[in-house]
Amino acid sequence: AREVEPSLHGRVDRLPFYLDALHRELLKDGRAFAFNVHVDSPEHPSALVGYVEFAEQRRTIDAFLRNLHLAQLRDEIAVLPAATLGAAKFAVVIKPHVLVYDRPFWPRTALTDCRESDVLFLVNKSADQFLCHAANGYVGYVDAKALTPKPQKPKEPLRAIFVRWAIRVAIAGVVYAPARDELYE
């Protein structure tokens, strides 16, 4: 806290600057963690809103603001994964190719891409987009129409299961469909 405010007496009008500095300090690579904390109104901030992925991040924000004597702000920061997702904590990509974006609205930047049958870890839903961890670890927004939410993580990529199915059909000439216990842990 002393690095951003040497006197340790924070000013509410500098709160966006403090949060930006904390964001850079907590997350060396913002593409790896879900973190979006900001003030409710830049002109008259009275609450912190947004989300963090881990309770430890939220506690760090609280301690940081206490050190700056700004603990009087309301804390409306959600810890993900969001309860609104229910039991669906995973999703399978059902389109051949899907981009993962840095935000749910334009203008936005593609962070990475996913292929059909990739398994994603869901952390939040925003309108018609899911905030999720892609298979390579990046966090971003994916079109909800490109995913099928699942309550459990599949044992292996569905692509591998269906390749195995195609091989069995080709070799044995029999029809084989994967059983439910082969798809989920």
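As the structure is a computational prediction, the values presented were derived from the model and not from experiment.

## Some thoughts on the sheet that holds strand β2 (residues 47-52)
Strand order in the open sheet formed by 3 strands is β1-β2-β3, and the pairing between neighbours is mixed. A strand with exactly one partner marks an edge of an open sheet, and here the two such strands are β1 (35-39) and β3 (74-79). Averaged over all pairs of adjacent strands, the angle between their axes in this sheet comes to 10 degrees, without regard to strand direction. Taken together, the 6 bridges between β2 and β3 define a ladder with parallel strand orientation. Looking at β3, one finds that Val-52 is bridged to Val-79. Contacts from helix α1 (residues 15-26) reach β1 and β2, with the element oriented near 165 degrees to β1. Sheet contacts for helix α2 (residues 55-67): β1, β2 and β3; angle to β3, the most-contacted strand, approximately 160 degrees.

## Points about the environment of Arg-103
Positionally, Arg-103 belongs in the loop between β5 (97-101) and β6 (110-115). Look past the residues within four positions of Arg-103 in its chain and what remains in contact with it is Arg-108 and Tyr-141.

## Notes on the packing of aromatic side chains
Geometrically, a pair of aromatic rings is defined through the distance of the ring centres and the angle of the planes. Summed over all chains, the structure comprises 4 aromatic pairs. It is Arg-108 that lies over the ring of Tyr-101; its NZ or CZ is 3.7 Å from the centre.

## Re unusual backbone geometry
The omega torsion of the bond from Leu-80 to Pro-81 falls at 5 degrees, within 30 degrees of zero and hence cis. Inspection of the secondary structure puts Pro-81 in the loop between β3 and β4 (90-93). Across the junction of Trp-106 and Pro-107, the peptide omega takes the value -5 degrees, indicating a cis bond. Structurally, Pro-107 can be placed in the loop between β5 and β6. Although it is not a glycine, Ser-117 sits at a positive phi angle of roughly 80 degrees. Inspection of the secondary structure assignment puts Ser-117 in the loop between β6 and β7 (119-126). Taking relative accessible area as the criterion, Ser-117 reaches 7% and is therefore assigned buried.

## Observations regarding the nonpolar core
Ranked by size, the top nonpolar core spans 20 residues in total, and within it Leu-15, Tyr-18, Val-37, Leu-48, Ile-61, Phe-64 and Leu-65 carry the most contacts. Listed by contribution, the elements that provide at least two residues to this core are α1, β1, β2 and α2. Ranked by residue count, the leading element in this core is α1, at 5 residues. Leave out the neighbours within four places in its chain, and Ile-61 touches Leu-22, Phe-35, Val-37, Leu-48, Val-52 and Ile-77. Listed in part, the 15 residues of the second largest apolar core include Val-100, Cys-114, Phe-130 and Val-142.

## Describing the confidence of the model for the protein chain
For the protein chain, per-residue confidence averages 82 on the pLDDT scale, and residues scoring 70 or more make up 83% of the total. When the criterion is pLDDT under 50, residues 172-185 qualifies, and its contacts beyond four places in sequence or with other chains add up to 31 contacts.

## Points about the environment of Phe-105
Within the secondary structure layout, Phe-105 lies in the loop between β5 and β6. Taking the relative accessible area as the measure of exposure, Phe-105 reaches 48% and is therefore partly exposed. For Phe-105 and Ser-126, which are 21 residues apart along the polypeptide, the C-alpha to C-alpha distance reads 10.0 Å.

## Observations concerning α2
Its 13 residues give α2 an end-to-end C-alpha distance of 19 Å, which sits within 8% of 18 Å, the value for a rise of 1.5 Å per residue. Count one or two residues on from α2 and you reach His-69, which has phi positive near 60 degrees.

## Focus: the side chain of His-133
The residue His-133 is located in strand β8 (residues 129-133) in this model. What makes His-133 buried here is its relative accessible area of 14%. Side chain to side chain, His-133 and Glu-53 meet in a polar contact 2.5 Å long. Within the local environment of His-133, its side chain forms a polar contact with the backbone oxygen of Gly-137, the two atoms lying 3.4 Å apart. If near-sequence neighbours (up to four positions away) are discounted, His-133 is found in contact with Ala-32, Glu-53, Leu-120, Phe-121, Val-123, Tyr-138 and Val-139.

Calculation criteria
- Residues numbered from 1 in each chain as written.
- Predicted model: local features only at pLDDT ≥ 70, side-chain atom pairs only at ≥ 80, totals over all residues.
- Heavy atoms only, no water.
- Pairing = 2+ DSSP bridges.
- Helix = DSSP H or I, 4+ residues; strand = E, 2+ residues; numbered from the N terminus.
- Axes fitted to C-alpha atoms, helices over the stretch in contact; angles between N-to-C directions.
- Contact = heavy atoms within 4.5 Å.
- Phe/Tyr/Trp six-rings, centres within 6.5 Å; stacked < 30°, edge-to-face > 60°.
- Lys NZ or Arg CZ within 6 Å of the ring centre and 35° of its normal.
- Buried < 20%, exposed > 50% of the residue type's maximum accessible area, 1.4 Å probe, protein only.
- Core = buried A, V, L, I, M, F, W, Y, C linked by side-chain atoms within 4.5 Å.
- pLDDT = per-residue confidence, 0-100.
- Expected span 1.5 Å × (residues − 1).
- Polar contact = N/O pair within 3.5 Å; in protein donor to acceptor, adjacent residues only side chain to side chain.

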